[in-house]
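# Topology and contacts: notes
Now for the letters of each chain:
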Amino acid sequence: MRYWLAGAVGAVFLLCGCTNEGVNPIFNAAVEEVNPFGGDEAPVEPQQQLTRADVTRSDVATIRARLDGDETATYLLAAAKNGPYVTYSSALRQTITLVGSQVTETRGLGYDLLSAASSQPDPLTRPIPVANWPAGVTRSYEFPANSPKGRVESFTCRFEVGSRKEIVILGQRHSGIEVSEYCQGPTGSFENLHFADVSSGRVWRSLQWTGPRQGLVDVEIVLPYTGG
């Protein structure tokens, strides 16, 4: 079983604040709460790190993400919603789109994941108590390619429940259980790892494969999206 990668706290970035309906005014207040740089001046060293109180005051869904091998993590704030898809963005226009806790798209992280889909029920897209998780799921990924439809790769994945443990995400302690996910397909294999609340099944943290070149992304749900 893969162990959790160390979570380093990265810089907090200013968010563009766009939604399907245009600029969302809530982000102006959120930026004032969580952006330590302030104004439009050139960034300087932050005077203090982001705290749980900052995120609570901003009241905007927030994730922290880091590619496998990177030394620092980046905070991304919910910027747009399209049906079940919530897109989180950083100031550098890096975006990660989630359905629940499943990564379905990335932009600007290195090698784009155009889209991802899974068979249902998938405990990443909708919380399921861990005892009721299915034996596995089928996952399909679309990557850029020299064709209009891109390149699609599919994998059959099985879950293996591990040990109970506790993790801390930006000062908030969560008790849960590790679940390994082993995936096999025509082009190869990979392993995901999830940390889920035992009762509700909410996945608070997971390492998810985003392609053969980009690899794993470590995603922590700092403040979950609870909108409609």
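Throughout what follows, the structure given in this document is the object of discussion. Numbering of residues begins from 1 in every chain and follows the order in which that chain's sequence is written. Confidence filtering applies because this is a predicted model: local features only for residues at pLDDT of at least 70, side-chain atom pairs given and counted only at 80 or more, and all residues used for totals across whole chains, interfaces and linings. To obtain the side-chain values, all non-hydrogen atoms of the structure were included, while hydrogens and water were left out.

### Description of the sheet that holds strand S7 (residues 102-107)
- A pair of strands is labelled paired if DSSP reports no fewer than 2 bridges between them. Strands here are runs of E lasting at least two residues and helices are runs of H or I lasting at least four, both read from the DSSP assignment and numbered beginning at the N terminus. The sheet built from twelve strands is open, its strands ordered S7-S6-S5-S4-S3-S14-S13-S12-S11-S10-S9-S8 with antiparallel pairing. One side of each edge strand has no neighbouring strand; the edge strands of this open sheet are S7 and strand S8 (115-118). The sheet shows a mean angle of 30 degrees between the axes of neighbouring strands, direction not considered.
- Where strand S4 (residues 74-82) and strand S5 (residues 85-89) come together, five bridges link them in antiparallel fashion. Bridge pairing in S5 links Asn82 to Tyr85. Axes, fitted as lines to C-alpha atoms, cover a helix only where it is in contact. Angles between the N-to-C directions of the axes lie from 0 to 180 degrees.

### Some words on the environment of Pro84
- Secondary-structure assignment places Pro84 in the loop between S4 and S5.
- Separated by 15 residues in sequence, Pro84 and Val99 place their C-alpha atoms 5.7 Å apart.
- If sequence neighbours within four positions are ignored, Pro84 has contacts with Leu98 and Val99. In this description, contact between two residues means that some pair of their heavy atoms is separated by no more than 4.5 Å.

### Comments concerning the layout of surface pockets
- The way it works is a 1 Å grid over only the protein atoms, where trapped points that fit a 1.4 Å probe form a cavity and open points with protein on both sides within 12 Å along at least five of seven lines form a pocket, and then any residue with an atom within 4 Å of a point lines it. Grid points are joined across faces, edges and corners, and a volume is the space filled by probe spheres set on the points. When its volume is computed, the largest pocket comes out at roughly 390 Å³.
- As for the largest pocket, its lining consists of 22 residues, of which Val99, Gly100, Ser101, Thr125 and Tyr225 are closest to the centre.

### Re the pattern of salt bridges
- Any Lys or Arg side-chain nitrogen located within 4 Å of an Asp or Glu carboxyl oxygen qualifies as a salt bridge. If you walk through the whole model with that rule in mind, you get twelve salt bridges.
- The shortest N-O distance in the salt bridge between Glu181 and Arg139 comes to 2.5 Å. Taken together, the residues span a long stretch of sequence, with Glu181 in strand S11 (residues 172-185) and Arg139 in strand S9 (residues 136-143) at a distance of 42 residues.
- For Arg139, a relative accessible area of 2% gives the class buried.
- Notably, a salt bridge pairs Glu220 with Arg205, separated by 3.7 Å at the nearest N-O pair. Taken together, the residues Glu220 in strand S14 (residues 216-223) and Arg205 in strand S13 (residues 203-209) connect sequence positions 15 residues apart. Comparing Glu220 with Arg205, the two get one shared label, buried. For the exposure calls, accessible area comes from a 1.4 Å probe over protein chains only, and a residue counts as buried if that area is under 20% of its type's maximum, exposed if over 50%, partly exposed in between.

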